[in-house]
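# Structure assessment
Residue strings, one per chain:
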Amino acid sequence: MSGSVAGALTFIALGFDAFIDPIVGALSDSIYVPRLGRRHLPIFIAIAPLCITLYYTYHVPPHWEHDSQFIWGLAFLVSHRLCLALYSIPFTALASELATTYNDRTVIMGLYQATGFICGPATIALGMYFLLSKPKVVPNRDWHPGMPPNLKVITIPGPVNPENYPLFTLFVSCVSALGIIGPLFALRYTWGVKPPKAKRDPTTLGQAVKRFLKDICKALTFRRFLPVVGATFGLGITMGVSETATVLGGLFFWNLGARWLAWIPMAWPLGALLCFVLWIPLTRKMDKKPVAIFCLLLWGTERMVLPALKLFGYIQWNGWERESQDTHDHDGDFTIFLLNFVSLAIGGSGCIGAFMTVLSMLSDVTDAFELKTGRRYEGIFYSSRMFFVKVSGAAGHLIGGVALSVLKFPSDLSDARRHMPPPDVRLHLGWLVGPLCGIGAIVGAMSMLFYSLDRDAVHDIKAELDSSQEMAAFLSDDGNEVGEAGEGGDAAIEAAPQTP
């Protein structure tokens with residue numbers, strides 16, 4: 001299918017995922033099983049369908065028409081996102097169910113995030129290296145005796161060979177199942193804390209959805225939250241476009257082989273390490289606003305600079321790369337791989353730093369909202385942020401897919417002459433993996449210029465909140481004393497002898 005159709009398919013699935021989260025959260029709170037607690041049942045239900053839907057999403061019958069293939073992909077992708085929500089939302093909530101102390105909750109969520117940063121890219125890298133790297137050789141129908149003999153066949157790169165994906169998705173599905181079951185047993189039995197018998201939440205699904213939409217409207221009316229929304233949208237759009245274009249850009253713009261391309265995701269764990277070492281400590285010495293702007297600019301600039309250097313001739317097409325581009329069975333140039341790996345590690349550190357800094361800003365926004373309204377709504381802002389993360393990611397995938405169609409990138413690479421898109425299409429692909437990809441993060445950085453909560457403002461807000469809470473506690477204590485005195489006086493009057 002074309003890039004725009006594939007982008008629309010992903011947009012619909014991720015948009016559905018964004019709206020299904022509050023329903024899954026209500027289910028997680030409402031369903032209680034005596035031996036498991038509130039959270040485990042949806043997770044156990046989701047394991048097998050999660051793996052099956054992932055497998056069949058990429059196992060489309062090849063002889064079907066495009067409309068039928070779209071319906072197939074949409075059905076299984078939407079089902080996969082539903083199963084993923086059934087797992088991820090209750091599992092994240094397990095921290096408050098299984099751990100009763102502040103430190104225990106920090107350890108559990110820290111391990112959860114660290115495992116995701118390491119095991120996710122490692123699984124993709126191993127799967128791409130061993131299962132997606134095998135190319136497919138087919139006869140070239142356009143070959144004639146006047147053409148070189150090496151063009152008698154077309155070599156389809158492994159990552160775009162549909163025959164490789166069933167085994168790859170089977171591997172990822174099995175690893176995902178183990179990754180779900182393992183932590184569950186570790187938390188329940190190794191950690192040694194069983195879930196408490198919580199009361200059933202009487203909230204219905206319809207009430208949960210209405211409350212969620214009402215909360216988003218409330219959050220959007222608070223102007224100090226809007227810069228956070230802008231930064232979230234910028235990050236999500238850049239991530240969506242990047243995910244759409246990374247593999248195609250690595251193969252056809254950078255001319256990297258499948259084996260080098262497989263190791264590119266491992267730059268994310270290195271980026272996470274750089275973020276925790278370099279950028280997060282900056283928030284202790286500087287305001288969050290300049291740190292967030294710096295991280296957003298770093299992420300957006302990294303996405304733009306390296307492709308722009310090649311587009312404008314500073315990285316020559318036949319300089320560091322192999323001169324022969326007739327086949328894709330080689331691994332590509334190591335220097336090109338190293339440049340992309342180091343660049344993604346540096347830019348990824350900015351992406352992770354921006355996500356974490358923006359997430360930290362929500363606590364300050366919550367304090368400001370409480371001071372203004374007298375009510376503290378962490379759930380409103382955190383759930384709204386997650387909603388906008390998913391919607392903006394869906395928009396990024398749609399933008400990337402439409403851009404591929406505008407570039408006239410072939411939807412069936414086996415029909416492209418010499419297995420490669422035309423040279424002008426390969427060159428223009430650099431605009432997608434570069435400037436178009438990074439512009440979202442740049443716009444997000446610009447939106448953060450309107451964020452007004454610096455360190456002094458947050459300190460003043462917290463001081464006023466503490467003062468208000470102390471005053472409320474003082475008045476409450478005075479009221480209790482007056483009530484007790486009144487009750488004692490009434491008792492004395494009743495006990496006194498009555499005179500006619």
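Before going into details, it helps to say that this report is about the structure given with it. Only a predicted model underlies this, so the values are computations on that prediction, with no experimental measurement involved. Sequence order sets the numbering: in each chain, residues are counted from 1 along the sequence as written. Under the rules for a predicted model, residues below a pLDDT of 70 receive no local features and side-chain atom pairs below 80 are neither given nor counted, while totals for whole chains, interfaces and linings still include all residues. Side-chain descriptors were evaluated using all non-hydrogen atoms of the structure, hydrogens and water having been removed beforehand.

## Things to note about the nonpolar core
Nonpolar cores are built from buried Ala, Val, Leu, Ile, Met, Phe, Trp, Tyr and Cys residues. Side-chain atoms within 4.5 Å join them into one set. Working definition: with a 1.4 Å probe on protein chains only, accessible area under 20% of the residue-type maximum means buried, over 50% means exposed, and in between means partly exposed. In terms of nonpolar packing, the biggest core is built from 78 residues, with Phe225, Val228, Val365, Phe381, Leu429, Met448 and Leu453 touching the most fellow members. No other element matches helix H12 (residues 334-373), which puts 14 residues into this core. The contact definition used throughout considers only heavy atoms, calling two residues in contact when any of these lie within 4.5 Å. The contact partners of Val365, leaving out residues within four places of it in the chain, are Phe222, Arg224, Phe225, Val228, Phe381, Tyr451 and Leu453. Counting residues in each nonpolar core, the second largest holds 14 residues, with Ile43, Ile47, Cys51 and Phe91 among its members. Only DSSP runs of H or I covering at least 4 residues are called helices, and only runs of E covering at least 2 are called strands; the numbering of each starts at the N terminus.

## Here we look at the environment of Ser242
Of note, Ser242 is situated in helix H7 (residues 226-253). According to the relative accessible area criterion, Ser242 is buried, its value standing at 9%. Separated by 155 residues in sequence, Ser242 and His397 have C-alpha atoms that sit 8.3 Å apart. Residues within four places of Ser242 in sequence aside, it is in contact with Arg303 and Cys437.

## Here's the deal with unusual backbone geometry
Within the chain, Asn255 stands out as a residue other than glycine whose phi angle is a positive 60 degrees. Position of Asn255 among the secondary structure elements: in the loop between H7 and helix H8 (258-262). A positive phi angle, close to 60 degrees, is found at Lys408, a residue other than glycine. Mapped onto the elements, Lys408 comes out in the loop between helix H13 (378-406) and helix H14 (423-433). Owing to a relative accessible area of 69%, Lys408 belongs among the exposed residues under this scheme.

## Some words on the pattern of salt bridges
Salt bridges are counted wherever a side-chain nitrogen of Lys or Arg sits within 4 Å of a carboxyl oxygen of Asp or Glu. This model, assessed by the stated rule, comprises 6 salt bridges. Two residues, Glu302 and Arg303, come together in a salt bridge whose shortest N-O distance is 2.9 Å. The buried category is assigned to Glu302, whose relative accessible area is 10%. Accessibility expressed as a relative area gives 13% for Arg303, which makes it buried. In this structure, the salt-bridge partner of Asp367 is Lys462, at a minimum N-O distance of 3.8 Å. Of this pair, Asp367 sits in helix H12 while Lys462 sits in helix H16 (residues 455-495), placing them 95 residues apart in sequence. The exposure class of Asp367 is buried, given its relative accessible area of 6%. Through salt bridges with shared partners, one network takes in Asp17, Arg81 and Lys390.

## Quick look at the packing of aromatic side chains
Each pair of aromatic rings taken from Phe, Tyr and Trp, with Trp reduced to its six-membered ring, is defined by centres within 6.5 Å and is described as stacked if the planes are under 30 degrees apart, edge-to-face if over 60, and tilted in the remaining cases. Scanning the entire structure with this criterion turns up 21 aromatic pairs. Each ring, one from Trp64 and one from Trp72, has its centre 5.2 Å from the other, and the planes form 85 degrees; the classification is edge-to-face. Taking the relative accessible area as the measure of exposure, Trp64 reaches 35% and is therefore partly exposed. With 5.0 Å between their ring centres and 75 degrees between their planes, Tyr129 and Phe130 make a pair best called edge-to-face. According to the relative accessible area criterion, Tyr129 is partly exposed, its value standing at 25%. The class of Phe130 is exposed, set by a relative accessible area of 60%.

## A word on the state of the cysteines
We call a pair of cysteine sulfur atoms a disulfide when they lie within 2.5 Å. Scanning the entire structure with this criterion turns up 0 disulfides. In this model Cys174 remains outside any disulfide bridge; the closest cysteine sulfur is found in Cys51, 6.8 Å from its own. The thiol of Cys351 is unpaired, and the distance to the nearest cysteine sulfur, on Cys275, comes to 9.3 Å. Relative accessible area serves as the criterion here: at 2%, Cys351 is assigned to the buried category.

## A look at the packing of H7 against helix H11 (residues 288-311)
Angles here are taken between N-to-C directions and fall from 0 to 180 degrees, while the axes themselves are lines fitted to C-alpha atoms, restricted in helices to the stretch in contact. Two elements in contact, H7 and H11, have axes whose closest approach is 11 Å; the angle formed by their N-to-C orientations is 30 degrees. With respect to their mutual orientation, H7 and H11 come out roughly parallel. H11 is crossed by H7, and the crossing has left-handed handedness. Two secondary-structure elements touch here, H7 through Ala231, Leu235, Thr238, Met239, Ser242 and Phe253 and H11 through Leu296, Trp299, Arg303, Pro307, Lys310 and Leu311. A per-class count over the contact of H7 with H11 returns 8 nonpolar, 2 polar and 2 charged. Oblique is the label for every angle not falling under 35 degrees (roughly parallel), over 145 degrees (roughly antiparallel), or within 65 to 115 degrees (roughly perpendicular). Throughout, a crossing is termed right-handed when the near helix is turned clockwise from the far one, and left-handed when it is turned anticlockwise from it by less than a right angle. All amino acids are sorted into three groups, where Ala, Val, Leu, Ile, Met, Phe, Trp, Tyr, Cys and Pro are nonpolar, Asp, Glu, Lys and Arg are charged, and the leftover types, Gly among them, are polar.

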